[in-house]
Each structure stands twice: as structure tokens, then as C-alpha cells.
Protein chains: 2
Amino acid sequence: MEDLLFDFISKYISLSEDEKNAIISLDIFRSVKKGTILLQEGQNSKESYFVLKGCIRTYYVLDGDEKTTAFYTEMDALTPHCVTSKTPSQYYISCIEDSILLISNTDMEEEVNTKFPKFDVMCRTFSSELLAKNKVDFDEFKTSSPEQRYLNLLQKRPDLIQRVPQHQLASYLGIKPQSLSRLKARILEKDKG
Amino acid sequence: MEDLLFDFISKYISLSEDEKNAIISLDIFRSVKKGTILLQEGQNSKESYFVLKGCIRTYYVLDGDEKTTAFYTEMDALTPHCVTSKTPSQYYISCIEDSILLISNTDMEEEVNTKFPKFDVMCRTFSSELLAKNKVDFDEFKTSSPEQRYLNLLQKRPDLIQRVPQHQLASYLGIKPQSLSRLKARILEKDKG
DNA sequence: CTTATTTGTTAACTTAAGTGAACGAATCTA
DNA sequence: TAGATTCGTTCACTTAAGTTAACAAATAAG
């Protein structure tokens, strides 16, 4: 399982065996059961997540119902807003599949970054990459209709549509579950006709 | 005008007079006329922008019409996607008011960051802050209706509604200009009734 | 200053999403 | 495994956004 992480890191920096061992000795790999809530609304947390296997999602509870805003799957990283802002979290994070996560906390990161400065460089690169990606995703969302968003997702993350409950997928697409059902039926009709 | 920048920077790090002078000597302050196109679709650019005064917007041209995705006003920073990805830009950036911008390029930044390591630290902090902010904005967009988005904007960036053309504002809200007009009329009706 | 062009609004009509309810299928859970 | 809950879909109806067109107001161009 560590190999997955090191393969990922190797895209940014190269690590010596010593450095790899140092990371392993941090003991940050965690097996998390489906359904586990990693972060709750109102909570203050210093934990960041990196998904090695499985899927976690972020969601708000507004007027009593859940609004799913993101899914994180293999090789996705998530630093919750509350960690950077140091304010209570506005949203929940839950594990929707049995997963293997890398869970780090801010204090530990500072220590590692001091010990291995190139780690710091990697994180900086990674963060600006994520920012750019997030903006593009936002742009795509803004400039397309629910139907286009669904078709887009079918292209870019076809696995999500299979592995994620439809009602969660619906709010991720910014619509109601009934609208997603209808929209899918509409697309099927078009393909036939 | 430099003071605006240094006030902003002082929120992250403190600068000596020498360091301030070094920044000024980079000669990165630019006056830009309304209507100027800073970046075009298909272009490769290494320039990043920081708005000291005025307003710039990013927009795509899809099926022949403009889709505005963001407005950057005083103290907002923008590193276009093409700069980080090193691929041709998918969108345009234009100046919608006479503005004063700080325009830097990647090469210059590297030089400055080597000379003043604390600058590098600042950028890292700033970038992860922006990422967090961008995610929250995306979440808000996803979880709300066009009308809610408009009301939200009225709260958070009331100036935008005044200074920005309505048809650009409409696509920023993910709707057509006609829908924005209607939506505003609807809100006025409600306030009366 | 006059003419074009762009912009914002309104209106009538079409299309798609929201809402509330119903119902089988899948999935917990005891 | 029996009963309860959750989930996905369908339907009828409501509401709001998309579309096309028209027109006045503001802005730009000559």
C-alpha cells in the first residue's frame, strides 16, 4: 500500500530509502470502514486526508438534508477548510466505501516539512496544482447545464457513477435525485431515437 | 499605490525597507485601460496578476458566446490555469475597468523566491488559502439556486453588482441575462408584497 | 451631433428542474 | 429471516430557467 503513495510522490520529487522509511515510521496509514464519519459540522480539526484506496465525500446539512459537494477517490487529497481557517467545520466528511487513507495532522506536517524541505516544495506545487484544477472544475460547472454536467462526469469519472449512491451524485451535480433519474431517462431516449 | 501591496503583504510576512525596494525595482506595476485583453484563448502565458485597483474578468467563448466565470477586484490574485499547466489557455482575461495591476511572470517569481525565501512561504500560504476559499465558493454555488446566488452576492460583493455589466454578471451566476432581469424583478416584488 | 452598436428589460412560449407522493427493490438490523 | 428503513424511479403538478423577439436606454463610433 505504501507503494501507491511513493509512486504518487515520485511524480513531484524523488525520495531516498531513508526518507521513505521516515514517512512509513510516521504511522499515518489508516483503514477506515464504510460509514465512518471523519469530520463533523462544528468540529475543529487539524487532519488532512489522502485517499490511497476507497472513497470519501464532503457534505453539508442544510435545512435538514444533505448536500454532497465532493467525492475524493484514489490519489485525491483533501485538507478541510476548517484546518486552514482554524474555524469550526461547516461540513461533514464521511467514508462511503471501506478505505485506506493517509491521515496527517498540521503539527506533524510542520515537523516533516522542517526535516525534509523538499516535502514543503512538493506540497506547494501540489497545492497550486489543486487550486488550478479546482478552478477549472468550477468553471465547467458554471458554464454547463445539469445534463451536460452528468455527461461530462460520465466522461471524466465514469467510476463515480457506479460506486456512488445516486442521491449523493444528484446533489453533487447540483440537482435533486428525481431530476437525475429523469435526466438519465432523457439521455437514454435520445440514444435510442 | 505600492502601499496597497505592502499593506496586503504585511498580513502574511513583514518586509524590511531593502526588501520593499527590491520589489519596487522589479517594476511590475502596470496601468491597464478598460477593454484591454490580457490573455487570449490558445495563448501560452507565464503572467500572473494581482489587482491593486480596478477589475478584471475571466471568460470562455463557447458556441460563440461569452461565459464569464470570475471577477477579480482589489487585492485579488489570479494565476491563469495555463501558467501552471503550461498548456494553451482555454479562456480569456480582460480588463473591465481602468485598472492598476501587478503583473509578474514565472521566471521572475522564481528569482525573487530564491532571493527572499520568506516570499516563497508567503506564496504557499496564500495559495492554500485561495484553494480553501475557492472550494467554499464552489460549495456555495453548488448548494444554492440562481436566486440564492444573487442574494448571496448582494451580501458578499455588493460592489460587483454595481460595477459589472449585467449580462456578464448573469453568466457568472450560471444563468442567462433575461433570467437575471426576471429574478431581480421577482425579488423586488417579494420585498414589496 | 448623429448613427450604430451594445446593453438591459419585458413578454410569450418552451423546456427542464423542484415538489410531493407512490411504489417496488435493495439494504440494513434486530 | 422478517420487518424496517433507505434508495431509485416514475408520475402529476408547480415553478423557474431557456429561447426568441421586441424595444428603449446607454454607449461607442464616425
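Residues numbered from 1 in each chain as written. Chains lettered and ligands numbered in written order. Predicted model: local features only at pLDDT ≥ 70, side-chain atom pairs only at ≥ 80, totals over all residues. Heavy atoms only, no water.

1. What about the environment of Lys135(B)?
In step 1: Structurally, Lys135(B) can be placed in helix α5 (residues 117-142).
In step 2: Its relative accessible area of 18% is what places Lys135(B) among the buried residues. (Helix = DSSP H or I, 4+ residues; strand = E, 2+ residues; numbered from the N terminus. Buried < 20%, exposed > 50% of the residue type's maximum accessible area, 1.4 Å probe, protein only.)

2. Remarks on the packing of helix α5 (residues 117-142) of chain A against α5(B)
Helix-helix packing is described using two parameters, namely the angle between the two axes and the distance between the axes.
In step 1: Packing of α5(A) against α5(B) leaves a shortest axis separation of 9 Å and a crossing angle of 25°. As the angle between them shows, α5(A) and α5(B) are arranged roughly parallel. Crossing angle aside, the handedness with which α5(A) passes α5(B) is left-handed. In this structure, α5(A) contributes Asp120(A), Arg124(A), Ser127(A), Ser128(A), Leu130(A), Leu131(A), Asn134(A), Lys135(A), Asp137(A), Phe138(A), Phe141(A) and Lys142(A) to the contact, and α5(B) contributes Asp120(B), Arg124(B), Ser127(B), Ser128(B), Leu130(B), Leu131(B), Asn134(B), Lys135(B), Asp137(B), Phe138(B), Phe141(B) and Lys142(B).
In step 2: Here the residues of the contact of α5(A) with α5(B) sort into 8 nonpolar, 6 polar and 10 charged. (Axes fitted to C-alpha atoms, helices over the stretch in contact; angles between N-to-C directions. Parallel < 35°, antiparallel > 145°, perpendicular 65-115°, else oblique. Left-handed = near helix turned anticlockwise from the far one by under 90°. Contact = heavy atoms within 4.5 Å. Nonpolar A, V, L, I, M, F, W, Y, C, P; charged D, E, K, R; others polar.)

3. Some words on the protein's contact with DNA strand D
In step 1: Around DNA strand D lies a shell of 14 residues, among which Gln166(A), His167(A), Gln178(B), Ser179(B) and Arg182(B) are the nearest.
In step 2: Counted by atom, the contact set of DNA strand D within 4 Å of the protein is 61% sugar and phosphate.
In step 3: Take His167(A): an N or O atom from its side chain is 2.7 Å from a phosphate oxygen of DNA strand D.
In step 4: Within the side chain of Lys184(A), an N or O atom sits 3.4 Å from a phosphate oxygen of DNA strand D.
In step 5: Counting only elements with at least two residues in the surface near DNA strand D, the list comes to α8 (166-172) and α9 (177-192) of chain A together with α9 (177-192) of chain B.
In step 6: For the surface near DNA strand D, the element with the most residues is α9(B), which contributes 4 residues.
In step 7: For the surface near DNA strand D, the residue count by class is 3 nonpolar, 7 polar and 4 charged. (Near = heavy atom within 4 Å. Polar contact = N/O pair within 3.5 Å; in protein donor to acceptor, adjacent residues only side chain to side chain.)

4. Quick notes on the sheet that holds strand β7 (residues 92-95) of chain A
Residue and element names in this part refer to chain A.
In step 1: Sheet architecture is open: 4 strands sit in the order β2-β7-β4-β5, paired in antiparallel fashion. The open sheet has two edge strands with one neighbour each: β2 (37-39) and β5 (65-72). Averaged over all adjacent pairs, the angle separating strand axes in this sheet is 35°, with direction ignored.
In step 2: Two elements, strand β4 (residues 56-62) and β5, share 7 bridges in a ladder whose sense is antiparallel. Residue pairing across strands places Thr-58 opposite Ala-70, the latter belonging to β5. (Pairing = 2+ DSSP bridges.)

5. A few points about the pairing of β5(A)
In step 1: By the criterion of burial, β5(A) is predominantly enclosed, with 6 of the 8 residues buried.
In step 2: Taking the residues that link successive antiparallel strands as the turn, the β4(A)-β5(A) hairpin has 2 residues, and the phi of Asp63(A) there is positive, at about 50°.

6. Quick look at the protein's contact with DNA strand C
In step 1: For DNA strand C, the set of nearby residues contains 15 residues, the closest of which are Ser179(A), Arg182(A), Arg186(A), Gln166(B) and His167(B).
In step 2: Interatomic distance of 3.0 Å between a side-chain N/O atom of Arg182(A) and a base nitrogen of DNA strand C.
In step 3: The side chain of Lys184(B) places a nitrogen or oxygen atom 3.4 Å from a phosphate oxygen of DNA strand C.
In step 4: Partitioned by chemical class, the residues of the surface near DNA strand C number 3 nonpolar, 7 polar and 5 charged.

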